Amino acid sequence: MSSLQPPAQRLWWKQPLDRLEGTWIVLALIWCLFMFAMMPYWHIAGKQNISNEAYRTTPEQYSAKAQAMVDKYTVRTLTDQQLPVVHPPAESDVYLVARLWQWWPLLELERGKSYRLHLSSLDWQHGFSLQPLNVNMQVIPGYEMVITVTPDSSGEFTVVCNEYCGIGHHTMLGKIFVVD
Ligand code: CUA
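Given the structure is predicted, the values throughout are model-derived calculations rather than measurements. (Residues numbered from 1 in each chain as written. Predicted model: local features only at pLDDT ≥ 70, side-chain atom pairs only at ≥ 80, totals over all residues. Heavy atoms only, no water.)

## Brief notes about the overall build of the protein
Next up, step 1: Counting its secondary structure elements, the protein contains two helices and 12 strands.
Next up, step 2: Listing the helices and strands of the protein from first to last along the sequence gives α-β-α-β-β-β-β-β-β-β-β-β-β-β.
Next up, step 3: For the protein, the spread of C-alpha atoms along the principal axes amounts to about 80 × 35 × 25 Å.
Next up, step 4: When contacts within the protein are restricted to residue pairs at least 6 apart in sequence, those whose partners lie at least 24 apart make up 56%.
Next up, step 5: In the protein, 13 positive and 16 negative side-chain charges are present, and the distance between their average locations comes to 7 Å. (Helix = DSSP H or I, 4+ residues; strand = E, 2+ residues; numbered from the N terminus. Contact = heavy atoms within 4.5 Å. Lys, Arg positive; Asp, Glu negative; His and termini not counted. Charge placed at Lys NZ, Arg CZ, Asp CG, Glu CD.)

Below, the structure written as structure tokens:
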């Protein structure tokens, strides 16, 4: 009796395992374990995954911190909406707010300097995607994610929302300027 055939009795789990089927189960298990081991390995060796910190917050607490940074370090405004461009000191904490449907404020960072970039949402889930680099983070209300960034090339980078967040999702674009 092979398990490749429809079982004669309904108690299929009491049927002996076919050799071919057993081989595939073993192969799948080995592959599974290999892929599992690759996750920590690639995190350490592959430099692709971001090590982030996460803290509980509230929209009120988070927007107060972002507002304080904007009040202190705005250097100019851009576009008709007078979006602030903030140039925080090197090595400092930098706050980026995600909300329907905006990344706020615009950031100006210095090349080769490290920053602690904080991300949180004031409403619902957004996705932080830094273009043209392949940096992706989930931005979730109630949580403050912190990543340490050191821009290694100057220029203009676009922040795209990559988590569908409603009617204005496709307009949710931000900017990070990296200056020498
Ligand atoms: Cu925010 Cu899509």
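## Observations regarding the pairing of strand 7 (residues 115-121)
Next up, step 1: Along strand 7, six of the seven residues are buried, which leaves the element largely enclosed by surrounding structure.
Next up, step 2: Bridge count between strand 4 (residues 93-99) and strand 7: six bridges; the pairing is parallel. From the neighbouring strand, tyrosine 95 faces strand 7, where its bridge partner is histidine 118.
Next up, step 3: Direction of pairing for strand 7 relative to strand 10 (residues 143-149): antiparallel, over a ladder of five bridges. (Buried < 20%, exposed > 50% of the residue type's maximum accessible area, 1.4 Å probe, protein only. Pairing = 2+ DSSP bridges.)

## Observations concerning the nonpolar core
Next up, step 1: In terms of nonpolar packing, the biggest core is built from 35 residues, with Trp103, Leu107, Phe128 and Ile176 touching the most fellow members.
Next up, step 2: If one sorts the elements of this core by residue count, strand 4 sits on top with five residues.
Next up, step 3: Every residue in contact with leucine 107, bar those within four places of it in the chain, is listed here: Met69, Val86, Val94, Tyr95, Leu96, Leu117, Lys175, Ile176 and Phe177. (Core = buried A, V, L, I, M, F, W, Y, C linked by side-chain atoms within 4.5 Å.)

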